[in-house]
Amino acid sequence: MRLLLIVLTLSLVGLQYRLWNGENGYAEVRRLEVQIAEQQANNLMLEQRNQMLRQEITDLRDGLESIEERARNELGMVGPNEQFFRVIKRPSADSAHQ
C-alpha cells in the first residue's frame, strides 16, 4: 500500500511538472496568448491603415479636388486664370553676418 502511494505521488508530481513546464504546458499557452494579443493589436493597426489608404484611393478616383490639391502641392501646378506668387523670406541680420 505504501509503495502504491509513493508511485501515485511521483506520478502526480511528474504530471504536474509536465502541466506547468512541459511541452504544450501552461507556460507555453500563456506565452502564445500574449503573442496572439500582440498580433491582434498589430492587425488592427494595419487594418486602420488599410482603411485610410482605401479612402485615399477612392478619393483620388472619384474626386477631382484631391487630384488638384496634390498637383498644386506636390507638382507646383497652377490652374487657368491663376497667378503664382513665390514668397521668399529675406535673410535676417544675424544670418548675414555669419
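As a reminder, the structure under discussion sits directly above these lines.
Definitions and limits used
Residues numbered from 1 in each chain as written. Predicted model: local features only at pLDDT ≥ 70, side-chain atom pairs only at ≥ 80, totals over all residues. Heavy atoms only, no water. Helix = DSSP H or I, 4+ residues; strand = E, 2+ residues; numbered from the N terminus. Rg over C-alpha atoms; globule rule 2.2 N^0.38 Å. Buried < 20%, exposed > 50% of the residue type's maximum accessible area, 1.4 Å probe, protein only. Areas by Shrake-Rupley, 256 points an atom, 1.4 Å probe, with all protein chains shown as cover. Lys, Arg positive; Asp, Glu negative; His and termini not counted. Charge placed at Lys NZ, Arg CZ, Asp CG, Glu CD. Expected span 1.5 Å × (residues − 1). Patch = residues over 30% accessible without salt bridge, like charges linked within 9 Å, V, L, I, M, F, W, Y side chains within 5 Å. Salt bridge = Lys/Arg side-chain N within 4 Å of Asp/Glu carboxyl O. Axes fitted to C-alpha atoms, helices over the stretch in contact; angles between N-to-C directions. Parallel < 35°, antiparallel > 145°, perpendicular 65-115°, else oblique. Contact = heavy atoms within 4.5 Å. Nonpolar A, V, L, I, M, F, W, Y, C, P; charged D, E, K, R; others polar.

Asker: Please explain the overall build of the protein as it appears in this structure.
Answerer: Broken down by element type, the protein carries 4 helices and 0 strands. Overall, the protein shows an N-to-C arrangement of helices and strands of α-α-α-α. The C-alpha atoms of the protein give 34 Å as radius of gyration, which overshoots the globular expectation for 98 residues (13 Å, by more than 25%). By its C-alpha atoms, the protein is 105 × 50 × 10 Å across when sized along the principal axes. The burial tally for the protein puts 5% of its 98 residues in the buried class. Working note: accessible area of the protein is about 9900 Å², and carbon and sulfur atoms make up 58% of it. Between the averaged position of the 12 positive side-chain charges in the protein and that of its 14 negative side-chain charges there is a distance of 8 Å.

Asker: Teacher, can you tell me more about unusual backbone geometry here?
Answerer: A negative phi angle is the norm for most residues apart from glycine, just as the trans form is the norm for most peptide bonds. Even without being glycine, N81 reaches a positive phi, approximately 60 degrees. Relative to the helices and strands, N81 is located in the loop between α3 (64-75) and α4 (93-96).

Asker: Mind showing me how you'd approach helix α1 (residues 2-21) here?
Answerer: Every α-helix winds through 3.6 residues per turn, so residues three or four apart in the chain are directed the same way. The end-to-end C-alpha distance of α1 is 28 Å, a good match for the 28 Å that 20 residues give at a rise of 1.5 Å each. Among the 20 residues in α1, 0 count as buried, and that is only a small part of the element.

Asker: Is there a simple way to think about a negative patch on the surface in this case?
Answerer: The grouping of D59, D62, E65, E69 and E74 at the surface amounts to a negative patch. Secondary structure elements with two or more residues in the negative patch: α2 (26-62) and α3. Per-element accounting of the negative patch gives the leading share, 3 residues, to α3. For E65, the position within the fold is in helix α3. Taking relative accessible area as the criterion, E65 reaches 69% and is therefore assigned exposed.

Asker: What is the right way to look at the packing of α2 against α3 in this model?
Answerer: Any two packed helices are characterised by how steeply their axes cross, that is the angle between the axes, and by the distance between the axes. Look at α2 against α3: their axes get within 5 Å of each other, and the N-to-C directions meet at 95 degrees. With respect to α3, the axis of α2 lies roughly perpendicular. Residues E56, D59, L60 and D62 of α2 lie in contact with α3, whose contacting residues are L64, S66, I67 and R70. Broken down by class, the residue content of the contact of α2 with α3 amounts to 3 nonpolar, 1 polar and 4 charged.

Asker: What is the right way to look at a nonpolar patch on the surface in this model?
Answerer: On the surface, a cluster of nonpolar side chains totalling about 390 Å² of accessible area is made up of M1, L4 and L8. Along the polypeptide, L4 turns up in helix α1.

Asker: Mind showing me how you'd approach the pattern of salt bridges here?
Answerer: Two side chains with opposite charge may pair up if their charged atoms get near one another. Inspection of the entire model under this criterion finds 3 salt bridges. We note a salt bridge from E28 to R31, for which the minimum N-O separation is 3.9 Å. Taken together, the residues span about one helical turn, with E28 and R31 both in helix α2 at a distance of 3 residues. Residue class for E28 comes out partly exposed when judged on its relative accessible area of 26%. Between E47 and R54 there is a salt bridge, with its nearest N and O atoms 3.5 Å apart.

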